[in-house]
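These are the residues of each chain, in order.
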Amino acid sequence: MRMVVKPDDLQTITTEETPENDQVCLGVQVLVDGENLYMATVEHLKAQKRPSDMAAATEFILAKLGELLDHLEDSYGLRIEVAYYYMTRVGEDALRSRRILWRFKGQLKLLGIETLVVEKWNEKAGNVDPRLISEAYRSLFVDRKAPSNLVLVSGDKDYEPMLVDYQRQGRK
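Residues numbered from 1 in each chain as written. Predicted model: local features only at pLDDT ≥ 70, side-chain atom pairs only at ≥ 80, totals over all residues. Heavy atoms only, no water.

### Section: the nonpolar core
Reasoning step 1: Ranked by internal contacts, the top residues of the largest apolar core, which has 24 residues, are Val30, Leu65, Leu72 and Tyr85.
Reasoning step 2: Elements with a minimum of two residues in this core: strand 3 (28-33), helix 2 (54-76), strand 4 (80-88), helix 4 (101-110) and strand 6 (149-153).
Reasoning step 3: The greatest single-element share of this core, amounting to eight residues, is contributed by helix 2.
Reasoning step 4: The next biggest cluster of nonpolar side chains, apart from the first, holds 14 residues, and it includes Val128, Leu152, Tyr159 and Met162. (Core = buried A, V, L, I, M, F, W, Y, C linked by side-chain atoms within 4.5 Å. Buried < 20%, exposed > 50% of the residue type's maximum accessible area, 1.4 Å probe, protein only. Helix = DSSP H or I, 4+ residues; strand = E, 2+ residues; numbered from the N terminus.)

Structural data, given as structure tokens:
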């Protein structure tokens, strides 16, 4: 199953493919590029002339991730096996300075999502993309523990080759 959450319309979750014969899949791995999601959320909230500060953006992200997980479980019978929210140390420091970080991480944990903090290379580039890709590949090829489905939440196309490799391995 390929889930599509468009940055311009974070209100709607659509599917490009639905399970055949209402088949219940084994499980799903949810990987969230928190850096891209946060930036897209702030832009989305600004475009709608809604509050876009850190508190508003993190609340929006938590609500939408909760809706996504509920949708996967309720509509498709998928069991969330692994869920990670990747963020940079810079993002973590920004949230900590506003005392939002611990609440945000706690709420993600209640959703079953583990937070992974990645060191940032420099002011412009981070390690979120390569770290997420590396761990996804390790799960798929080395540990051979990747669930049958992958849901990737991100705003960029850097992950397309990885998604193609997942499909070649019979994953959805």
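### Some points on helix 4
Reasoning step 1: Every buried residue belonging to helix 4 is among Leu101, Phe104, Lys105 and Leu108, and all of these are buried. The buried residues of helix 4 occupy an angular sector of 95 degrees when the element is viewed end-on, so they sit on one face. Away from its buried face, by an angle of more than 90 degrees, helix 4 presents the exposed residues Trp102 and Leu110.
Reasoning step 2: Just downstream of helix 4, Gly112 is the residue with a positive phi angle, here 90 degrees. (Arc of directions from axis to C-beta.)

### Observations concerning the packing of aromatic side chains
Centre-to-centre distance and the angle between the planes together describe a pair of aromatic rings.
Reasoning step 1: For the coordinates displayed, the defined rule picks out two aromatic pairs.
Reasoning step 2: Between Tyr84 and Tyr86 the ring centres are 6.2 Å apart and the planes differ by 65 degrees, which places this aromatic pair in the edge-to-face class.
Reasoning step 3: For Tyr86, a relative accessible area of 1% translates into the label buried. (Phe/Tyr/Trp six-rings, centres within 6.5 Å; stacked < 30°, edge-to-face > 60°.)

### Points about the packing of helix 1 (residues 34-47) against helix 2
Reasoning step 1: It is the contact of helix 1 with helix 2, at a shortest axis distance of 9 Å, that shows an interaxial angle of 110 degrees. As the angle between them shows, helix 1 and helix 2 are arranged roughly perpendicular. When helix 1 is examined against helix 2, the residues Leu37, Tyr38, Thr41, Val42, His44 and Leu45 are found in contact with a partner set consisting of Met54, Ala56, Ala57, Thr58, Phe60, Ile61 and Leu65.
Reasoning step 2: By residue class, the composition of the contact of helix 1 with helix 2 is ten nonpolar, three polar and no charged. (Axes fitted to C-alpha atoms, helices over the stretch in contact; angles between N-to-C directions. Parallel < 35°, antiparallel > 145°, perpendicular 65-115°, else oblique. Contact = heavy atoms within 4.5 Å. Nonpolar A, V, L, I, M, F, W, Y, C, P; charged D, E, K, R; others polar.)

### Observations regarding the pattern of salt bridges
Reasoning step 1: For the structure shown, the criterion picks out five salt bridges.
Reasoning step 2: Between Lys64 and Glu67 there is a salt bridge, with its nearest N and O atoms 3.2 Å apart. One end of the pair is Lys64 and the other is Glu67, both in helix 2 and three residues apart, which spans about a single turn.
Reasoning step 3: For Lys64, a relative accessible area of 18% corresponds to the buried category.
Reasoning step 4: With a closest N to O distance of 2.4 Å, Glu135 and Arg131 form a salt bridge. (Salt bridge = Lys/Arg side-chain N within 4 Å of Asp/Glu carboxyl O.)

### What about unusual backbone geometry?
Reasoning step 1: One non-glycine residue with positive phi stands out, namely Lys49, at about 55 degrees.
Reasoning step 2: Residue position: Lys49 is located in the loop between helix 1 and helix 2.

### Remarks on the sheet that holds strand 3
Reasoning step 1: Pairing is parallel in the open sheet, where four strands are placed in the order 5-4-3-6. At either end of the open sheet lies a strand with only one pairing partner, and these are strand 5 (114-118) and strand 6. Direction aside, neighbouring strands of the sheet carry axes that sit 20 degrees apart on average.
Reasoning step 2: Of the pairings in the sheet, the one linking strand 4 to strand 5 comprises five bridges and is parallel in character. Along strand 5, the bridge assignment pairs Tyr84 with Glu114.
Reasoning step 3: Packed onto the sheet, helix 1 meets strand 3, strand 4 and strand 6 and runs at close to 60 degrees relative to strand 3. (Pairing = 2+ DSSP bridges.)

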